[in-house]
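Listed below, chain by chain, are the residues.
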Amino acid sequence: MVRLEDILERAGGYSSQESLEVIKKAYVFSAKVHEGQTRLSGEDYLTHPLEVADILTSLRMDVDSVATGLLHDTVEDTHTTVEKIHEVFGEDIAAMVDGLTKLSRVSFAKKEERQAENFRKMVLAMAKDIRVVIIKLADRLHNMRTLGALSPEKRRIIAEETLGIYAPLANRLGMGEIKMELEDLSFKYLQPEQFAWVEDKIKEKREEKEGYIARVQEVIENKLGEQAIGGEVSGRVKHLYSIYKKMIEREVDFDDIHDILAFRVVVSTISDCYSVLGIIHSTWKPVPGRFKDYIAIPRPNLYQSLHTTVIGPEGEMMEVQIRTEEMHRVAEFGIASHWKYKETTDIDEKTEMSFAWLNRLLEWQKDLKDPGEFLETLKVDLFPEDVFVFTPEGEVRAFPAGATVVDFAYGIHTDIGNHCAGAKVNRRLVSMRSKLKNGDVVEIVTSDARNPTQDWFDFVVTSHARNRIRHWLKVEEREKCTALGLEILDRELERRGLDFKVVVEREGIEEFLIKELSLGNIEALYLGVGYGRIPASKVAVLLDPASKVTEKPVETVSRFAQVFRKFKSANFKSAQKPRDKKGVIIKGVEDVMIHFAPCCNPLPGEDIIGFITSGKGVSIHTSRCRSLLSADPMRLLEVEWGSEQRVPRPIILKVLCQNTQGLLADMSNAIREADANITRAEVKSGEGSRAVCTFVVGVIDAKHLRRIIRSLEGVKKVLQVKRVDRAKRKQLED
C-alpha cells in the first residue's frame, strides 16, 4: 500500500519542500471525509486516492494536481462541497475537483449517449485545464488495477470503455506507459482466456529471451563505448495486447510474430541518435521499409524517436528505438510533461501543435450535437496511424492512414476543401480519391464550379473533412427543400382557389402559423413542407378553413414537385398514430413499408434509427451504421423496437482460432449452450496452426447475440469472435 511519505518523497524530488504542505493538507482532509468508507475489495477507501496521487507523482505532476488526486472523490462520495474545497484549498484545486466530479456525474439511457456526453465533458475539461484529464486517466488506471472486485458484467462494461476511449486518449496525449497498461488490463477482463494464453506464451518467450536480451544490450553498449557515446540501453518483450493485436490483424499464430523484442537506446543529443542508428545498421541488417524518423517529423502527440527493425543475432527480428533523454520523458509522460503551459505565455511550437488537436476537438464538440457523429469524430481522431505529407512550401502535415487529397485540402482550409477539384502529388496530377503516402508533396487544384457531393463521404476519412462536407450538404439541401416547400404550398393553395401571395400577406398570418404549428419562423414552415414533415393541406386549411380543392388539377407542376409528391405518397399515408410494424414503431407515422437494412442487419435490443428511402419506405439501421454517416439528416426518423419478436434471424459470426482437433465440436456445443442453432458452418485452415470458422447462427436479439459471442469466447483456443459485415457476407454467399 502506498503511504503519504512515499508520495511526499517522490514529489519532493521535483518540487520545493514548502509546496508539499498542500499535499499533506489534502491527505488529512481526504482521510477525514472518507473515514469509515471502504471499497468493494474491502480495503479502506483512502487507498484509492493515495494510489491516484502516487501515479500522478510518477508523471511528475505539480503539487496541486497531486493534491487534487487525493481529493478527487470527496465531492462525489462524501458530503463535502466544491465551495468547501475552494475555501480550504483555493480556486485552482476546487476547479479541478469540480471538473472531475462533473465527469463522473453523467447518466444516460443509451450507452452511446453516455459515452458521447462523457467525452464532451472531458473535452471541455481539457480546454479549461489539461490536468483534469490527466488526473482522470490516473483515476481510471487505478480502478482498472483493482477491477477484479466488481461483478463480471461491470468489469466488462468498464474494460470496454477503457479500451475504446481511455487507452486511445492516453495514446493521443502521448502517455505511452499508461496507454499500454490500460490496454493490457482491458484485454485481461474482456478476453480472459486469450489473455491467459498469450501471457503464458510470453512467459515462455521471456524466460527463453532473457539471456538473448542481455547479450544484445551488451553488444550495443560496447559499440557505443567504442564511439565514445554515452547512453542507456534497455530491452523488453512487447506488451500483451500489442502482440495479440498483431496476431489478429495478420491472422497468424504467436510463433509467427517475430518482432516481439524491443530495445531502447537513450542518449544525450539528437546527433548521437543518428550516430547510434548508423551503429545499429552497420552491426545488423535492417529490415526494408521498417525505418521511421519521428525526430525529423514528430507525431502529433509530440512523440519523437528513431524506429528501426533489424535482423539481430541468431536471425531474431527486433525493434530498436533511439531517442534523447528529453524525448524519452515526453514519450513516457506525454502531454503531462507540458502541464505548465497555463502558467506561461512562452509556448514553443511543438507544444502548440499538441494543443491544436485539443482545440479542434473543442470546435467539433460545439458543432456536433448528435452523439453518434461526435463519437465517430472522436474515434477517427483517437486512432491515428499517421501519414506525414508536405505542402509546396515544405510545411509538414499529419493525417490518418488512408487520408486522401480531399482530406488534405480541408486540412489547409475549409474553402479550399469545398472547391477541391483534384491535386498535384509530387508534381503529377492525381484524382480526388488518391490516398496520401509518407513524404508526398501535395498541391491542391481548386475550381469555383466544384462543390462537395454525397460521394465524397465514400473516400474521405478525417473528421474535419466529414464535418465540413456534411455542413455544406445540409446548407445546400436546406435551401433546396425550403424552395420546394414554398412551391408545394403555392400549388396546394392554387388547387384550393387561393392566391398564395395574398394569403401570406394578411396581417398577423405569419405569427398565427408559427404559433399553430409550433415553429420558430416562416422559413421553418417552408422547410417542414419541403421535407414532408408538415402536410401542405394542413397549412392550407389553417390559412383558409373554408377553402375546398378544385376539381380541375393544376397542370403546371414542376418536375421537382412531382418527384417529391410521388416519393411522399409512396412512403406516407398519414401521420397520426404510430403503429407497430415488424416489431418496430416509427414515431408519428403509420402504414409505412419498412425493411431491415442488410448493411448492419439490426437485432431487437440494438439502438436503431429509420431512414426514408425513395420508393422503398423506411429502412431500419443500427444507430452506429456507417452507411448513415453520409445520409441526409433530414431523412432520419426516430424509431424504436415494438412488440418483441422471438423469431431468430441469420447472423454471420467469424471465429479466429487455433486449428486443434475437436475444437469445431467445442464451438458447436458453445453455440448450442447459448440456445442458438447453426444453419451453416465453414472452416478454412490458415497459416501455421490457425483456422477461421464462419457460422451462420439464428439470433433472436442483441442480448442473445452477446450471449453467443461470450459463449464462443469462453472456448479454449478461440482467439477472436466477431460479427461479419455486409461486404464479407456477400463474399461468403458468392
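In the block above lies the structure referred to throughout.
Procedures and definitions
Residues numbered from 1 in each chain as written. Predicted model: local features only at pLDDT ≥ 70, side-chain atom pairs only at ≥ 80, totals over all residues. Heavy atoms only, no water. Core = buried A, V, L, I, M, F, W, Y, C linked by side-chain atoms within 4.5 Å. Buried < 20%, exposed > 50% of the residue type's maximum accessible area, 1.4 Å probe, protein only. Helix = DSSP H or I, 4+ residues; strand = E, 2+ residues; numbered from the N terminus. Contact = heavy atoms within 4.5 Å. Pairing = 2+ DSSP bridges. Salt bridge = Lys/Arg side-chain N within 4 Å of Asp/Glu carboxyl O. Arc of directions from axis to C-beta.

**Q** In this structure, what is going on with the nonpolar core? I would like to understand it.
**A** A general trend in soluble globular proteins is that nonpolar side chains are found buried together. Of all hydrophobic cores here, the largest spans 98 residues; its most connected members are Ile-23, Val-265 and Ile-322. For this core, the element with the most residues is helix H12 (residues 192-226), which contributes nine residues. Beyond its immediate stretch of four places on either side in the chain, Ile-23 contacts Leu-4, Ile-7, Leu-8, Ala-11, Val-63, Val-66, Ala-67 and Leu-70.

**Q** Please clarify how the sheet that holds strand S17 (residues 636-637) should be interpreted in this entry.
**A** Sheet strands associate in pairs through backbone hydrogen bonding, adopting either a parallel or an antiparallel arrangement. Taken in spatial order, the four strands of this open sheet run S14-S16-S15-S17, and their pairing is mixed. Only two strands of the sheet have a single partner each, and these edge strands are strand S14 (594-596) and S17. In this sheet, strand S16 (residues 618-622) lies alongside strand S15 (residues 608-612) in antiparallel orientation, the contact comprising five bridges. Counted as the bridge partner of Phe-611 is Ser-619 from S16.

**Q** Just to check I follow, could you spell out the pattern of salt bridges for this structure?
**A** Pairing of side chains with opposite charge becomes possible as their charged atoms draw close. Scanning the model with the defined rule gives 19 salt bridges in all. Between Asp-139 and Lys-136 there is a salt bridge whose closest N-O contact spans 3.8 Å. With a gap of three residues between them, Asp-139 and Lys-136 both fall in helix H9 (residues 131-145), about one helical turn apart. A relative accessible area of 9% places Asp-139 in the buried class. Between Arg-723 and Glu-606 there is a salt bridge; the shortest N-O distance is 3.0 Å. Here the residue Arg-723 occupies a position in strand S22 (residues 718-723), and Glu-606 occupies one in the loop between S14 and S15, the gap between them amounting to 117 residues. With relative accessibility at 25%, the residue Arg-723 sits in the partly exposed group. In this structure, a network of salt bridges that share partners links the residues Asp-62, Asp-92 and Arg-131.

**Q** Explanation requested: helix H22 (residues 509-516) in the structure shown.
**A** Buried residues of H22: Ile-509, Leu-513 and Ile-514, and no others. Projected down its long axis, H22 shows its buried positions confined to an angular sector of 135°, all on one face. For H22, the exposed residues lying more than 90 degrees away from the buried face are Glu-511 and Lys-515. Trailing H22 by a residue or two, Ser-518 shows a phi angle of about 55°, which is positive.

**Q** For this particular structure, what's the right way to read the pairing of S15?
**A** For a regular strand, side chains alternate in direction, first toward one face of the sheet and then toward the other. Of all five residues making up S15, four are buried, and the element is well covered by its neighbours. One ladder, built from two bridges, connects S15 with S17; its direction is antiparallel. Bridging from a neighbouring strand, Gly-610 pairs with Leu-637 of S17.

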